[in-house]
Amino acid sequence: MMENVNIFINGVSYSVPKNFTVLEAARQVGIEIPTLCYLKEINEIGACRICMVEVAEGPRPKRLVTACVYPVSEGMQVFTNTPKVIASRRTTLELILSTHDKKCLTCVRSGDCELQKLCKDYGIDDANRFAGDRTEYDVDATAAHMVRDNNKCILCRRCSATCAKIQDIGVIGANDRGFATHIGCAFEKDLGEIACISCGQCIVACPTGALYEKDQIDEVMDYLADPSKHVIVNTAPSIRVTLGECFGNPVGTNVKGKMVAALRRLGFAGVFDTDLAADLTIVEEANELLQRVKNGGVLPMITSCSPGWVKYCEHYMPEFIPNLSTCKSPQQMFGALAKTYYADKMGIDPADIIVVSVMPCTAKKFEVGRDGEAAAGVPDVDVALTTRELARLIDRAGIRFNELPDEEFDAPLGESTGAAVIFGATGGVMEAALRTAVEWLTGDELKALEFTDVRGIEGIKEASYKVGDLEVKVAVASSISCAKKLLTKIKNGEATYHFIEIMGCPGGCVNGGGQPVQPASVRNFTDLRGIRAAALYAEDESLPIRKSHENPTIKKIYEEYYGEIGGHKAHEAFHTHYVERNRF
Ligand code: SF4
Ligand code: SF4
Ligand code: SF4
């Protein structure tokens, strides 16, 4: 059991765990100490100096320390709001502002910027107190997925720590020294030139508007206003449990019905569910796995739904390209389905159909432009928006989201299963695939649908299941650092599996780089991934059909159009290929 110490915070006595920092101790007793650079277990560097508090220990006089890295000790007295503390924080903010562009009126993060909030909280009324030289940086918009505006960077290094520690990639960092310090890439290359995997984890880590997704809202509005285009939308499984946060709902609120209603009011000709394509992915992928097992194909087979992971594999571990499932991701399968089957059924030229996706992921913006993603000769998907962009689009259209009624997805591409819903959480694709593969392998109806060993937010999960005569060994990894550990074990001959699910972001899509940005005060102390995932598992349990191969629409589209699962026509539409990419 953890030993405690007794401390005083603002004169009140508390007992707190001995290994806590002052920041953690204060938070546990309901006192918020402001932070900017601190991200728990990722960036604990005490650099920004916003979290200054006064402490008195033993006979030593009171002094200022950084609460985020300063450990508690027996009898310590902590003062979080003295005039000296407030003056220190105000001066720090004024110094940060001296090199900041302060264009809040036009900033994408205005309203949820951690710097802006602190300036308001601390009553900064002279943003130019320390005005002097400042460097004007060019905005880097060269990457498909994100923009970097160093004029809004406060050098907190939350982005580079996330890229290096969570993703084990490290393609961004602090360049130069002193006044010239700025966040950049090696040799000052542009973001579009480096081996960045487009995951967007740096964006959700950033407290300001210095990093943001490439905004495509105007493009979507232009398509919606064009009468020659049939514009349809599909939303990824996780969006229903995250979009609500952008409208003030608690983390984990399922807003599926209101999301559908909002999309309909935006003017989309069809409001569809990517979950249908997730079911499609499962039947194609389970079939591919069975073929590989039966015919001595390359194993382990590794999922290919996460474009961040796929890009990582292509840049950094190309030796695993033959292991990647050739199935397109659900986003791309949806686009292919829309521009072949749906176009045929509706009698619309695929070139006149515009497919808009709402995704938890910035790497989806890169994915839409990949080779081999054009089943009908035109791109499968035209625009991939993030959850945040959809929220801004809804705001721009003046739709009062929380007052909308609940509505249902449209036919014929809106029908899905519980198996598809859980795609949004780490382990979900594996569980969905097992529900189908086990039934197909044994020929018996699967009664117990929960594969709980592959659930949970741990970075690496392993399990083995007896299926008929076969001992099926599976593994699940989320975040690139965990994926790398798992794949390194395989390379070293320390582990063997039949099937592996890899998601590029920690916790899977519920925690993707396109999801609502929560401030560090929430991220540091709330299990965002676990709460959002629990909402998906609750929806799975509530649905009447929970196995992908039992989705009536899936059965129908093969009968009416594609023929056999894994057959020639399905292969042409729903499978793709991968390429080795430069690492430097
Ligand atoms: S980053 Fe924050 S403080 Fe800076 S311009 Fe944007 S909203 Fe304003
Ligand atoms: S998008 Fe991902 S890989 Fe690229 S810089 Fe950001 S964290 Fe690193
Ligand atoms: S880009 Fe954002 S996260 Fe990175 S150092 Fe600048 S302000 Fe911090």
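For clarity, every value in this text was computed on a predicted model and none was experimentally measured.

1. With respect to the overall build of the chain
Counting secondary structure elements, the chain contains 19 helices and 17 strands. With respect to the principal axes defined by its C-alpha atoms, the chain has extents near 80 × 55 × 50 Å. The burial tally for the chain puts 49% of its 584 residues in the buried class. Across the chain, the fraction of contacts at a sequence separation of at least 24, relative to all contacts at a separation of at least 6, is 75%.

2. Brief notes about the site of ligand 1
Ligand 1 sits among 13 residues. The nearest are Cys104, Cys107, Cys113, Thr208 and Gly209. Residues that form the shell around ligand 1 fall into these classes: 4 nonpolar, 5 polar and 4 charged.

3. Quick notes on the site of ligand 2
If you check the shell around ligand 2, you find 13 residues, and the closest are Cys163, Cys196, Cys199, Gln201 and Cys202. Secondary-structure elements contributing two or more residues to the shell around ligand 2 are α4 (158–166) and α5 (201–205). A per-class count over the shell around ligand 2 returns 8 nonpolar, 5 polar and no charged.

4. Looking at unusual backbone geometry
With omega at -5°, the peptide bond leading from leucine 299 into proline 300 counts as cis. Position of proline 300 relative to the elements: it lies in the loop between α8 (274–295) and β12 (301–302). Omega for the bond connecting alanine 411 with proline 412 falls within 30 degrees of zero, at 0°, which places this linkage in the cis form. Structurally, the position occupied by proline 412 is in the loop between α12 (387–396) and α13 (418–421).

5. A look at the sheet that holds strand β15 (residues 460–467)
Sheet architecture is open: 4 strands sit in the order β12-β17-β16-β15, paired in mixed fashion. Across the chains shown, the open sheet's two edge strands, defined by having one partner strand only, are β12 and β15. Relative to strand β16 (residues 470–478), β15 is paired through 8 bridges, and the arrangement is antiparallel. Its bridge partner lying in β16, isoleucine 460 is registered against alanine 477.

6. Some remarks on helix α14 (residues 428–442)
Here α14 spans 21 Å end to end across 15 residues, near enough to the 21 Å set by a 1.5 Å rise per residue. Burial runs high along α14: 11 of the 15 residues are buried. Within α14 the residues assigned to the buried category are Gly428, Val429, Met430, Glu431, Ala432, Ala433, Leu434, Arg435, Thr436, Ala437 and Val438. Against α8, α13, β15, β16 and β17 (499–503) lie the buried residues of α14.

7. Considerations on the domain arrangement of the chain
Many descriptions give the size of an interface as the accessible area lost when the pieces come together. Entries for the chain in the domain assignment read domain 1 (4–81), domain 2 (94–213) and domain 3 (229–574). Domain 1 and domain 3 are separated by 42 Å when their C-alpha centres are compared. Domain 1 puts 6 residues into the contact, and the matching count from domain 3 is 5 residues.

8. Regarding the sheet that holds strand β10 (residues 230–235)
Spatially, β11-β10-β13-β14 is the arrangement adopted by the 4 strands of the open sheet, whose pairing is parallel. At either end of the open sheet lies a strand with only one pairing partner, and these are β11 (270–273) and β14 (383–386). Within this sheet the neighbouring strands show an average axis-to-axis angle of 25°, counted without direction. Pairing analysis gives 4 bridges linking strand β13 (residues 353–359) to β14, with the strands arranged parallel. Directly across from valine 356, in β14, lies its bridge partner valine 383. Across the face of the sheet, α8 comes into contact with β10, β11 and β13 while running at roughly 40° to β11.

Rules used throughout
Residues numbered from 1 in each chain as written. Chains lettered and ligands numbered in written order. Predicted model: local features only at pLDDT ≥ 70, side-chain atom pairs only at ≥ 80, totals over all residues. Helix = DSSP H or I, 4+ residues; strand = E, 2+ residues; numbered from the N terminus. Buried ≥ 20, exposed ≤ 12 C-beta atoms within 10 Å, placed from the backbone. Contact = placed C-beta atoms within 7 Å. Near = placed C-beta within 6 Å. Nonpolar A, V, L, I, M, F, W, Y, C, P; charged D, E, K, R; others polar. Pairing = 2+ DSSP bridges. Expected span 1.5 Å × (residues − 1). Domains from an automatic or database assignment. Axes fitted to C-alpha atoms, helices over the stretch in contact; angles between N-to-C directions.

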